[in-house]
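Coordinate inspection notes
The chain contents come next:
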Amino acid sequence: MATMHGDNLEFNSEQLAKQIEILEDVRQTIANSKEKYEEYINQELRPNWTTEAGMQTADQLINFSETEIKSFIDYLDGRIQNLRNARENTIRINKA
């Protein structure tokens, strides 16, 4: 009768850690850009765009940032958390 010694399968949790770090850097870069974008609109454009159309355009630009860019940042946050969970699981599997 054969004795099973496991499947010798090991997951590379360090590679997952590197992927997490890359995504965190991308997320932070986008968040920083979003902040600078909004500052530019509020400090440079709004004071000079005093017509009704100009004010509406500034509002639309801020709305884009607060919805679309924020949504993408939230998406990245979710993927980062998924990778963190996967990494924790691979560490547990490797110990088993």
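Relevant structure appears above.
All figures in this text were calculated on a predicted structure; none of them were measured in a lab.

So, how was this worked out
Residues numbered from 1 in each chain as written. Predicted model: local features only at pLDDT ≥ 70, side-chain atom pairs only at ≥ 80, totals over all residues. Heavy atoms only, no water. Helix = DSSP H or I, 4+ residues; strand = E, 2+ residues; numbered from the N terminus. Buried < 20%, exposed > 50% of the residue type's maximum accessible area, 1.4 Å probe, protein only. Contact = heavy atoms within 4.5 Å. Areas by Shrake-Rupley, 256 points an atom, 1.4 Å probe, with all protein chains shown as cover. Expected span 1.5 Å × (residues − 1). Bend = angle between axes of the 7 residues up to and from the residue. Phe/Tyr/Trp six-rings, centres within 6.5 Å; stacked < 30°, edge-to-face > 60°.

We now examine the overall build of the protein. Across its full length, the protein carries two helices and zero strands. When the 96 residues of the protein are sorted by exposure, 18% land in the buried category. Across the protein, every contact between residues at least 6 apart in sequence was considered, and the portion connecting residues at least 24 apart equals 77%. When the accessible surface of the protein is totalled, it reaches about 7400 Å², and 52% of it is carbon and sulfur.

Here helix α2 (residues 52-95) is 44 residues long and its end C-alpha atoms lie 64 Å apart, about the 64 Å a rise of 1.5 Å per residue gives. The largest bend in α2 amounts to roughly 30° and is located at K70. Residues of α2 that are buried make contact with α1 (13-45).

As a further point, take the packing of aromatic side chains. Under the counting rule described, the total for this entry stands at one aromatic pair. Centre to centre, the rings of F72 and Y75 are 6.2 Å apart; their planes meet at 20°, and the pair counts as stacked. Residue F72 and its partner Y75 are both found in helix α2; the two are separated by three residues, about one turn of the helix.

Let's shift gears to the side chain of S65. Considering the arrangement of structural elements, one finds S65 in helix α2. S65 gets classed as buried once you look at its relative accessible area, which sits at 0%. Setting aside anything within four residues of it in sequence, one finds S65 in contact with K34, Y37, E38 and K70.

In this structure, Q28 sits in helix α1. Sequence spacing of Q28 and L76 is 48 residues, and the spatial spacing of their C-alpha atoms is 9.9 Å.

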